[in-house]
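If you want the building blocks of each chain, they are given just below.
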Amino acid sequence: MSKCEQCIVRQFSSIKALNKEQLVQMANCKTSYTIKKGESIFEEGETLNGVYCIKDGVCKLSKLSQNGKDQIIKLGKPGELLGQRSMISDESANLSATALEDMEVCFVPKNEILQFFNQNNDFSMNVMRTICGDLKEADEHMVDMAQKTVKQRLAEVLIYLEESFGKNEDGSIRIQLSREELAGMIGTATESCIRLLSEMNKTKVIEIQGKKIFLKDKKALQKIS
């Protein structure tokens, strides 16, 4: 069993506020899972009896719209906790979490987390700050959807993907989203997303090689966004 106190990713979440004794307690009650690319961590509407900590890999957090389209709200990366808001509000999950690549996640039962919440003020404040940050992001996303064009939103998302998840050795964006997933992030039809990518490719702002995307002129992209 891996030890929570030796886990590097804990530094990137609310867990960093837990003391050694609490981390040992967490290690004794957590369950580790390997989630394959495309598999679900949890579904929208599911009752979550704890939180998931992403140890490795990236997932998409999405909501099914009325027309059956998958609207991607955000991407989760190593160190992030999933399900904090559902745990505190005592409601079912309002988003689905699906692996975009092979992942390692740890599940910590609700009772244990709430115990830390009551024992450790720094931990509870960190959780609340994270939730407030998510709400701020949701507000900004809503304003973007209302006020920015699809092209502006696509440019913004491409910059976000490179800055948040880095590049491969060849310089392409590390996270490879399908055209459908990209369209789901910017709230448009897949055909519109493909057309805009093709347009950006022609003007040499980006370069497309199969599924790979290279940001060739980041300043031009920033200007568009």
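Since the model is a prediction, treat every value here as computed from it, not as a measurement.

(A) Looking closely at the overall build of the protein chain. Secondary structure assignment for the protein chain yields 8 helices and 10 strands. Over its C-alpha trace the protein chain gives a radius of gyration of 19 Å, about what one expects of a compact globule, namely 17 Å for 225 residues. Its C-alpha atoms put the protein chain at 55 × 40 × 30 Å along the principal axes. Accessible surface, the protein chain: about 12200 Å² in total, of which carbon and sulfur atoms supply 49%.

(B) Structural context of unusual backbone geometry. A positive phi angle, close to 60°, is found at Asp90, a residue other than glycine. When you line up the elements, Asp90 lands in the loop between α2 (84-89) and β7 (96-99). For Asp90, a relative accessible area of 59% translates into the label exposed. In the Ramachandran plot, Lys204 falls in the positive-phi region, its phi being about 65° despite a non-glycine side chain. Here Lys204 shows up in the loop between α7 (190-202) and β9 (206-209).

About the cut-offs
- Residues numbered from 1 in each chain as written.
- Predicted model: local features only at pLDDT ≥ 70, side-chain atom pairs only at ≥ 80, totals over all residues.
- Heavy atoms only, no water.
- Helix = DSSP H or I, 4+ residues; strand = E, 2+ residues; numbered from the N terminus.
- Rg over C-alpha atoms; globule rule 2.2 N^0.38 Å.
- Areas by Shrake-Rupley, 256 points an atom, 1.4 Å probe, with all protein chains shown as cover.
- Buried < 20%, exposed > 50% of the residue type's maximum accessible area, 1.4 Å probe, protein only.

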